[in-house]
Structure formats: structure tokens, C-alpha cells
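Structural characterization, general
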Amino acid sequence: MTQLTGQPATDDVVHLTVPADGGYLGVLRTATAGLAARLQFALDEIEDLRIAVDEACAMLLAIATRDAELECRFAVTEDALTVEVTVPTVRGATLPAESSFAWKVLTALTTSASATSADGRATIALLTRRSGGY
């Protein structure tokens, strides 16, 4: 277990690193679904999160350096799953604007989505909270 900044030390954190190649996104989608199921997310919530992770990764793969690795960090809390994906980026690369269709997808499918780009790396963070009634 790893402590997140501002989070209780009881969170479970899973790190996965895969080649920055679309052929490996299935690994991240499967991990996402497994962790969301562990939190007893509804089937629709699990599928929405899988799609959001896939979309975030596609955005990052478009600006990743050659032979890069896509790093994914899953933080599991009692009622939420945070997914952060990051890659080294080519010089001058930018993520799509928050008004783009890709960002509309991310914000529609998750509780919140954000992006940062600094020091030659781009990161997209997705937070999804389980809906009530479980």
C-alpha cells in the first residue's frame, strides 16, 4: 500500500506499465474493470470507466515519444477509483482542448477528469465514485 497525498494510508494502489502501443490497452481496460468490480461498481459504471480509460490512453498515445511506456496508477478507496495515466511526450505536443469531443467523453463517463503536462510528460487523471445504493 502507498499513501496518496491528502488521502488516508488505507488506499490500495496498483501500478501497471505497458508499452505505449494500442495493442496493450486491453491490459489496462481489464485491470480497470477488475478493480471497479472489486469496489462493486454497477456494470454500466464499469463499462463507462473502461471506455474513459481507453479514451484517455488514446489521447496520450497520440503524443507519446517513440518506444515510450504508458504508466498507469490505480488508487482504490472505499467508494472510488482514481486512474492516472502518463507518458513521455514529443517536443511541443499538446493534449486536446477541454472543449474537444474527447474531453466531453471523459467528463461524461467519470466523476472528474483532469490533465497536466510538464517536464516532457503528459498525465490524465480520472476519478470515478461508485453510485449510491450498494
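Residues numbered from 1 in each chain as written. Predicted model: local features only at pLDDT ≥ 70, side-chain atom pairs only at ≥ 80, totals over all residues. Heavy atoms only, no water.

A few words now on the pattern of salt bridges. Under the defined criterion, the tally for this structure stands at five salt bridges. We note a salt bridge from aspartate 54 to arginine 29, for which the minimum N-O separation is 2.6 Å. With aspartate 54 in helix 2 (residues 43–61) and arginine 29 in helix 1 (residues 25–38), the pair connects residues that are 25 residues apart, well separated along the chain. Judged by its relative accessible area of 27%, aspartate 54 falls in the partly exposed class. What makes arginine 29 partly exposed here is its relative accessible area of 25%. One salt bridge in this structure joins aspartate 79 and arginine 129, with 3.5 Å as the shortest N-O distance. (Salt bridge = Lys/Arg side-chain N within 4 Å of Asp/Glu carboxyl O. Helix = DSSP H or I, 4+ residues; strand = E, 2+ residues; numbered from the N terminus. Buried < 20%, exposed > 50% of the residue type's maximum accessible area, 1.4 Å probe, protein only.)

The subject of this paragraph is the packing of helix 1 against helix 2. Direction vectors running N to C along helix 1 and helix 2 enclose 145°, while the axes themselves pass 9 Å from each other. Relative to helix 2, the crossing made by helix 1 is right-handed. Listed contacts from helix 2 to Leu25, Leu28, Arg29, Thr30, Thr32, Ala33, Ala36 and Ala37 of helix 1 are Ile46, Leu49, Arg50, Val53, Asp54, Cys57 and Leu61. When the residues that make up the contact of helix 1 with helix 2 are grouped by side-chain class, the tally is 10 nonpolar, two polar and three charged. (Axes fitted to C-alpha atoms, helices over the stretch in contact; angles between N-to-C directions. Left-handed = near helix turned anticlockwise from the far one by under 90°. Contact = heavy atoms within 4.5 Å. Nonpolar A, V, L, I, M, F, W, Y, C, P; charged D, E, K, R; others polar.)

Read across the open sheet, the five strands follow the order 1-2-3-5-4; overall the sheet is antiparallel. Strand pairing shows two members of the sheet lacking a second neighbour, strand 1 (12–19) and strand 4 (112–118), which therefore form its edges. Going across the sheet, the axis of each strand differs from the next one's by a mean of 15°, ignoring polarity. Pairing between strand 1 and strand 2 (residues 69–76): eight bridges, direction antiparallel. (Pairing = 2+ DSSP bridges.)

Turning our attention to helix 1. Under the 1.5 Å per step criterion, the end-to-end length of helix 1 is 20 Å for 14 residues, consistent within 8% with the ideal 20 Å. In the core, the buried residues of helix 1 are packed alongside strand 1, helix 2, strand 2 and strand 3 (80–88). Downstream of helix 1 by a residue or two, glutamine 40 has a phi angle that is positive, lying close to 60°. (Expected span 1.5 Å × (residues − 1).)

The next subject is unusual backbone geometry. In this structure, glutamine 40 takes a positive phi of about 60° despite not being glycine. Mapped onto the elements, glutamine 40 comes out in the loop between helix 1 and helix 2. In the Ramachandran plot, aspartate 67 falls in the positive-phi region, its phi being about 60° despite a non-glycine side chain. Relative to the helices and strands, aspartate 67 resides in the loop between helix 2 and strand 2. Taking relative accessible area as the criterion, aspartate 67 reaches 72% and is therefore assigned exposed.

Don't take any of this as a statement about function, it's just geometry.
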